[in-house]
Each structure stands twice: as structure tokens, then as C-alpha cells.
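Here is what each chain is made of, one letter per residue.
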Amino acid sequence: MKITLLTGKTYNIQEAFDFPLKVIRSSRAKRLTLRIDNKERLPVLSLPPRCTQKQAVAFVNLHHDWIIDSLSKLPQTKKFCSGQSISLFGKPVTICHAPEKRCGARQEEGILYVSGSSEFTHRRVKDFIKKEAQAQFYKLSRQLAKKIGCQVNDVVIKDTKSRWGSCSSLNNINYNWRLALAPQSVINYIVAHEVSHLAHQNHSAAFWQCVANLCPDYEIGQNWLREHGKELYVFE
């Protein structure tokens, strides 16, 4: 099989693996590593600069059973549908298809009403979540940034593959839209994490102290993401 690296270089690997594989050559990698991309639902192999094709193939073959087992444990993807209960910004919400309404998607007392044809329910719920996430995450980000004497220029909601958030040197913060489906403790932690990067563009002791000051129980959200974060990727 042929594997194309992100650099554009192609490896002609003779062994026919029984699963798709994404390969990345990284100048910063010190050793061969494997991980599972929850969104793309495939294994990702990272290669250090001087890794040979033979070494890469041997490494994948060595971890073949782990890869197959990990892929089998990935939760099945699903779409938002009527009658489904979800957590939205830390509160339980039930989706209700209401074709007679002309609201697009509107939340009222724990019910998220979605109008129009049922085939558009998933897209309208997702659009609603993204719009609300932009407003709520922007508000919370500005509140926390003010506490440390910083400013947030903009907040953008993205459909990222694995990152929950990122902060640029221009004071712009990106958030994964699926974060809106997590418990409030998780939201508080990620927002505190990204806002702290406004003051510290690293993960130094000073950075983590800033996170703790903004979100004293941040480890609760951090641990939840480690254990359950991949479950949020069941929604496409």
C-alpha cells in the first residue's frame, strides 16, 4: 500500500495493513509514536526525521493488535435527532422536532425546538450549538481575561480534529464546538486554559498557576476530558 506523508513524500509499503493509516513526519519527534485520531477515526503514525520505511512498517506491525483493539472501541458516530437528550453548556436539553414552528432552532425551558423537515434536524441543532457557543465562550473568555489584565480580540468556533481550544499571539481564541456538549466544569477549565495563554504562551509553572487562579478546580474538568473527551466526537 502507499502512504502519503503530510510533506507530500510517498512511502511504498508492501505490507497490506487491514486498516487505513495516516503518517506524519515531524522534525520535532524523537521517536516513533502511534495515536488514534478520534475525529478521523484512524491511527496516526508520527515519524522522527531519520526513521526508515522498514522501521515504520515494523513499528506498525508490532502494535497491530493495539490499533485494531483501539479502533473497535471508538464509539459509533451519530446525528442529533428528535427525542435525544444532550448536555448543552452544562444543562440537560431535549431535542424536539417541531415542524409546525418557524424558529429554525430555539431553546425554551430545557427543550430545543427544531422546525422544518426532520432531515435538517442534525444540521440545525449543530448550527444552533455553534452560534450559542460563540456567544457564551466569548463572554466567559472576556470575563476571565479581564481578571488577569488581558484582552480577547475574537473568539472563533471550529470543527477541530483533536484540540479543544487554541490561543494565537493576536489574542484570538479558537474553541471546538463540541466543548458545548461537555459539563460546565470542563468548559470552565478549557476557557481558563486558553485565556491563561494570553499572558503565558507556554505551559510553564506560571501558566498553570494562572489557570488555577481562574479556575481553582480545573483538575475536575481536565480529568473528565481525559476519560470522556473522545465521547464528544460521536457527533459529526
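Residue positions within a chain follow its written sequence, with the count starting from 1. Confidence filtering applies because this is a predicted model: local features only for residues at pLDDT of at least 70, side-chain atom pairs given and counted only at 80 or more, and all residues used for totals across whole chains, interfaces and linings. Remark: hydrogens and water are excluded; side-chain values derive from all non-hydrogen atoms of the structure.

## Considering the overall build of the protein chain
Next, step 1: Secondary structure elements follow DSSP: runs of H or I no shorter than four residues count as helices, runs of E no shorter than two count as strands, and numbering proceeds from the N terminus. Looking only at helices and strands, the protein chain features 6 helices and 12 strands.
Next, step 2: Reported as C-alpha extents along the three principal axes, the dimensions of the protein chain are approximately 60 × 50 × 30 Å.
Next, step 3: Accessibility here uses a 1.4 Å probe with only protein chains present; expressed as a share of the type maximum, an area under 20% marks a residue as buried, one over 50% as exposed, and anything in between as partly exposed. For the protein chain, with 236 residues in total, the buried portion stands at 42%.
Next, step 4: Two residues form a contact once any of their heavy atoms are found within 4.5 Å. Across the protein chain, every contact between residues at least 6 apart in sequence was considered, and the portion connecting residues at least 24 apart equals 45%.
Next, step 5: Here the open area of atoms and residues is found with the Shrake-Rupley method and a 1.4 Å probe, where only the protein chains shown may cover a residue. Working note: accessible area of the protein chain is about 13200 Å², and carbon and sulfur atoms make up 49% of it.
Next, step 6: Separation of charge centres in the protein chain, based on 34 positive and 20 negative side chains, amounts to 7 Å. The charge count treats Lys and Arg as positive and Asp and Glu as negative. His and the chain ends do not count. By convention, charge coordinates are those of NZ in Lys, CZ in Arg, CG in Asp, or CD in Glu.

## Thoughts on the packing of aromatic side chains
Next, step 1: Within 6.5 Å between ring centres, the rings of Phe, Tyr and Trp (the latter by its six-membered ring) count as paired, and their orientation is classed by plane angle as stacked under 30 degrees, edge-to-face over 60, tilted in between. The tally for this structure, following the rule as stated, stands at 8 aromatic pairs.
Next, step 2: Taking the centre distance of 5.2 Å and the plane angle of 65 degrees together, the rings of F137 and Y175 count as edge-to-face. Highlighted residues: F137 in helix 3 (residues 121-147) and Y175 in strand 12 (residues 172-176), separated in sequence by 38 residues.
Next, step 3: Note on F137: relative accessible area 1%, which makes it buried.
Next, step 4: Relative to W208, the ring of F207 has its centre 5.0 Å away and its plane inclined at 75 degrees; by these criteria the two rings are edge-to-face.
Next, step 5: The partly exposed category is assigned to W208, whose relative accessible area is 25%.

## Digging into the packing of helix 4 (residues 184-196) against helix 5 (residues 205-214)
Next, step 1: An axis is simply a line fitted to the C-alpha atoms; with a helix, the fit covers only the stretch in contact. Between two such axes, the angle follows the N-to-C directions and lies from 0 to 180 degrees. Interaxial distance between helix 4 and helix 5 falls to 9 Å at its minimum, and their mutual angle equals 135 degrees. Between helix 4 and helix 5, the crossing angle belongs to the class labelled oblique. Classified by chirality, the crossing of helix 5 by helix 4 is right-handed. Taken together, the residues of helix 5 that come into contact with helix 4 (itself represented by Y189, A192, H193, V195 and S196) are F207, W208, C210, V211 and L214.
Next, step 2: For this classification, the nonpolar set comprises Ala, Val, Leu, Ile, Met, Phe, Trp, Tyr, Cys and Pro, the charged set comprises Asp, Glu, Lys and Arg, and every other residue, Gly included, is treated as polar. Here the contact of helix 4 with helix 5 is composed, by residue class, of 8 nonpolar, 2 polar and no charged. Roughly parallel refers to an angle under 35 degrees, roughly antiparallel to one over 145, roughly perpendicular to one between 65 and 115, and oblique to any angle outside these ranges. A crossing counts as left-handed when the near helix is turned anticlockwise from the far one by less than a right angle, and as right-handed when that turn is clockwise.

## A short note on the sheet that holds strand 5 (residues 42-47)
Sheet strands associate in pairs through backbone hydrogen bonding, adopting either a parallel or an antiparallel arrangement.
Next, step 1: The pairing criterion for strands is at least two bridges between them, as found by DSSP. Pairing in this open sheet of 3 strands is mixed, and the strands run 3-5-4 from one edge to the other. Pairing within the sheet leaves two strands with one partner each, and these edge strands are strand 3 (22-25) and strand 4 (33-37). The average undirected angle you get between the axes of adjacent strands in this sheet is 25 degrees.
Next, step 2: Summarising the sheet, strand 3 and strand 5 pair through 4 bridges and their orientation is parallel. When the sheet's bridge partners are listed, K22 is paired in strand 5 with V44.
Next, step 3: Packing against the sheet, helix 1 (residues 53-62) makes contact with strand 4 and strand 5, and its axis sits at approximately 140 degrees to strand 5.
Next, step 4: Those strands touched by helix 2 (residues 64-72) are strand 4 and strand 5, and its axis lies near 15 degrees from that of strand 4.

## Remarks on helix 4
Note that an α-helix has 3.6 residues per turn; residues three or four places apart therefore point the same way.
Next, step 1: Helix span is expected to be 1.5 Å times the residue number reduced by one. Spanning 13 residues, helix 4 covers 18 Å between terminal C-alpha atoms, matching the ideal 18 Å at 1.5 Å per step.
Next, step 2: Across the 13 residues that make up helix 4, a large majority, 10, are buried.
Next, step 3: Along helix 4, the positions that sit buried rather than exposed are V186, I187, Y189, I190, V191, A192, H193, E194, V195 and S196.
Next, step 4: In this structure, the buried side of helix 4 is in contact with helix 3, strand 11 (165-167), strand 12, helix 5 and helix 6 (218-228).

## Quick word on the pattern of salt bridges
Next, step 1: When a carboxyl oxygen of Asp or Glu is within 4 Å of a side-chain nitrogen of Lys or Arg, the pair counts as a salt bridge. Evaluation of the coordinates by the stated rule reveals 6 salt bridges.
Next, step 2: In this structure, E236 and K79 form a salt bridge, with 3.2 Å as the shortest nitrogen-oxygen distance. Taken together, the residues span a long stretch of sequence, with E236 in the segment after helix 6 and K79 in the loop between helix 2 and strand 6 (85-88) at a distance of 157 residues.
Next, step 3: In this structure E236 comes out as partly exposed when scored by relative accessible area, which is 36%.
Next, step 4: A salt bridge links D159 to R178, with the nearest nitrogen and oxygen atoms 2.8 Å apart. Remark: R178 occurs in the loop between strand 12 and helix 4 and D159 occurs in the loop between strand 10 (154-158) and strand 11; sequence separation between them is 19 residues.
Next, step 5: With relative accessibility at 33%, the residue D159 sits in the partly exposed group.
Next, step 6: The exposure class assigned to R178 is buried, which follows from its relative accessible area of 1%.
Next, step 7: Salt bridges sharing common partners tie together K126, D159 and R178.

Honestly, it's all geometry; don't read function into it.
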